[in-house]
Amino acid sequence: MADAQPVDQLTPVTAAARATIAACDTKLAQYRSALDAGVDPVVVTGWIIQTQAERARAEADLQSTQRAEPRRMSRSQIAGLVRALGDIVTVLRDADPDDKAEVYRQLGLRLT
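Residues numbered from 1 in each chain as written. Predicted model: local features only at pLDDT ≥ 70, side-chain atom pairs only at ≥ 80, totals over all residues. Heavy atoms only, no water.

## Quick word on the overall build of the protein chain
Then, in step 1: The helix and strand inventory of the protein chain stands at five helices and zero strands.
Then, in step 2: In sequence order, the secondary structure elements of the protein chain are arranged as α-α-α-α-α.
Then, in step 3: Counting the 112 residues in the protein chain, one finds 13% classified as buried.
Then, in step 4: Within the protein chain, contacts between residues separated by at least 24 positions form 70% of all contacts whose residues are at least 6 apart in sequence.
Then, in step 5: Approximately 8,800 Å² of the protein chain is accessible, and the part contributed by carbon and sulfur atoms is 58%. (Helix = DSSP H or I, 4+ residues; strand = E, 2+ residues; numbered from the N terminus. Buried < 20%, exposed > 50% of the residue type's maximum accessible area, 1.4 Å probe, protein only. Contact = heavy atoms within 4.5 Å. Areas by Shrake-Rupley, 256 points an atom, 1.4 Å probe, with all protein chains shown as cover.)

Here you go:
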């Protein structure tokens, strides 16, 4: 079941957000080095504020796309789901015919 799931693919928005975050982190490290080297803190502070705002926008984009993208289930999550369902075959076999038909309808199954 785990191998049958679609492979995770980054959307363009996710890839761009991650690239922006990485670029901002690099800039912030450079700004720290510039401060350590004695560059005017007032100038560097403006750069930092601008870069942090850009990074925050990218983080928000990343959060919104991650909620919208389907997630792959891990092997342990699948195993847990199977255990939680228990013996579904027995439950379906013993179910009321109308209930069983509703389950099959919701699953998109048709008996011929």
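## Looking at the side chain of Thr51
Then, in step 1: Relative to the assigned elements, Thr51 resides in helix 2 (residues 41-68).
Then, in step 2: Residue classification places Thr51 among the buried positions, given a relative accessible area of 3%.
Then, in step 3: Engagement of the side chain of Thr51 in a polar contact is seen with the backbone oxygen of Trp47, the distance being 2.9 Å.
Then, in step 4: Once you skip the residues sitting within four places of it in the chain, Thr51 turns out to touch Cys24, Lys27, Leu28 and Tyr31. (Polar contact = N/O pair within 3.5 Å; in protein donor to acceptor, adjacent residues only side chain to side chain.)

## A word on the pattern of salt bridges
Then, in step 1: Tallying each qualifying case throughout the model produces five salt bridges.
Then, in step 2: Residue Glu54 is joined to Lys27 by a salt bridge in which the shortest nitrogen-to-oxygen separation is 3.9 Å. On the criterion of sequence distance, the pair formed by Glu54 in helix 2 and Lys27 in helix 1 (residues 12-36) is long-range, its members being 27 residues apart.
Then, in step 3: Between Glu59 and Arg55 there is a salt bridge, with the nearest N and O atoms lying 3.1 Å from each other. Note that Glu59 and Arg55 are positioned in helix 2 at a spacing of four residues, about one turn of the helix.
Then, in step 4: For Glu59, a relative accessible area of 27% puts it in the partly exposed group.
Then, in step 5: What you see here is one network of salt bridges that share partners, running through Asp25, Arg55 and Glu59. (Salt bridge = Lys/Arg side-chain N within 4 Å of Asp/Glu carboxyl O.)

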